[in-house]
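Here is what each chain is made of, one letter per residue.
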Amino acid sequence: MRLLQRLQQGASDAGADLDREALAPPAPEDVAERPASLIEFVARFRPGYRVSPLHEYIAGMMQHALDRDCRHCLRPEAAHKAGGHEYRVLNRLMLFVPPQQGKTEIVSVGAPAWYLGEHPDSYWVAASFAASLAQRNGRLAKNTVESDAYRQHYDTRLDPSKTAAAEWEVLGHRGGFYGVGVGGGLTGRPADVLVVDD
């Protein structure tokens with residue numbers, strides 16, 4: 001609990017050496033550049049989202065779990081060497097953060113849009129306790145992918161025949177998004193990435 005408080009207050013060692021200017025909203029002349037990381041993506045495409053060290057940490061861990069070669073990790077040397085061991089791949093990640101701390105905006109809204117922009121052949125499944133929450137998150141991610149600002153940076157376009165809030169696919173690729181609540185069916189659905197968000 002103390003770590004969470006330190007992260008919320010901005011006193012985290014995990015985020016202390018990050019370049020805060022790189023995470024600020026881009027100036028109009030810088031918008032042409034594609035976001036270099038998940039946290040930059042969220043800061044740019046989720047207007048009004050205020051990035052804190054806790055968000056930087058969550059996004060960094062999420063990005064490390066998604067990015068197999070860790071090109072964009074916030075601190076790759078720390079991610080790969082801990083306790084005398086080398087870790088090359090983090091393929092499972094559990095985040096335990098109290099409600100209303102901003103994790104859903106990163107993990108369930110920003111990350112699918114960012115990841116499918118980078119990897120349009122991947123299939124993202126988002127599970128939640130309620131179908132309505134999965135639909136809401138899917139709709140927000142879909143709206144991001146359909147935005148003009150997103151299209152300036154990514155070639156990912158949605159298949160017009162599959163654009164429901166909780167189920168949409170990438171045009172010309174095998175990737176897409178499927179959101180499901182408790183009691184919903186996942187049988188026969190592929191999942192390159194599976195996220196369970198309360």
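Definitions and limits used
- Residues numbered from 1 in each chain as written.
- Predicted model: local features only at pLDDT ≥ 70, side-chain atom pairs only at ≥ 80, totals over all residues.
- Heavy atoms only, no water.
- Helix = DSSP H or I, 4+ residues; strand = E, 2+ residues; numbered from the N terminus.
- Expected span 1.5 Å × (residues − 1).
- Buried < 20%, exposed > 50% of the residue type's maximum accessible area, 1.4 Å probe, protein only.
- Pairing = 2+ DSSP bridges.
- Polar contact = N/O pair within 3.5 Å; in protein donor to acceptor, adjacent residues only side chain to side chain.
- Patch = residues over 30% accessible without salt bridge, like charges linked within 9 Å, V, L, I, M, F, W, Y side chains within 5 Å.
- Areas by Shrake-Rupley, 256 points an atom, 1.4 Å probe, with all protein chains shown as cover.
- Salt bridge = Lys/Arg side-chain N within 4 Å of Asp/Glu carboxyl O.

1. Overview of helix H8 (residues 131-146)
Next, step 1: Compared with the 22 Å implied by 1.5 Å per residue over 16 residues, the 22 Å span of H8 between its first and last C-alpha is a close match.
Next, step 2: Looking only at H8, the buried set comprises Ala134, Asn137, Gly138, Leu140, Ala141, Lys142, Thr144 and Val145.

2. Considering the pairing of strand S7 (residues 193-196)
Next, step 1: Residues Val193 and Val195 line the buried face of S7, whereas the alternating positions Leu194 and Val196 sit on a face that is not buried.
Next, step 2: Where strand S3 (residues 123-128) meets S7, 4 bridges bridge the pair, whose relative direction is parallel. For Ala126, the partnering residue across the bridge sits in S7 and is Val195.

3. Points about the side chain of His153
Next, step 1: Considering the arrangement of structural elements, one finds His153 in the loop between helix H9 (148-151) and strand S4 (158-164).
Next, step 2: For His153, a relative accessible area of 8% puts it in the buried group.
Next, step 3: A polar contact of 3.4 Å, which involves the side chain of His153, links it to the backbone oxygen of Glu33.
Next, step 4: In this structure the side chain of His153 is engaged in a polar contact, spanning 3.3 Å, whose partner is the side chain of Arg44.

4. What to know about a nonpolar patch on the surface
Next, step 1: A cluster of nonpolar side chains, Leu186, Leu194 and Val196, forms an exposed patch at the surface whose accessible area comes to about 290 Å².
Next, step 2: If you trace the backbone, Leu194 turns up in strand S7.
Next, step 3: Classification of Leu194 by relative accessible area gives exposed; the value is 53%.

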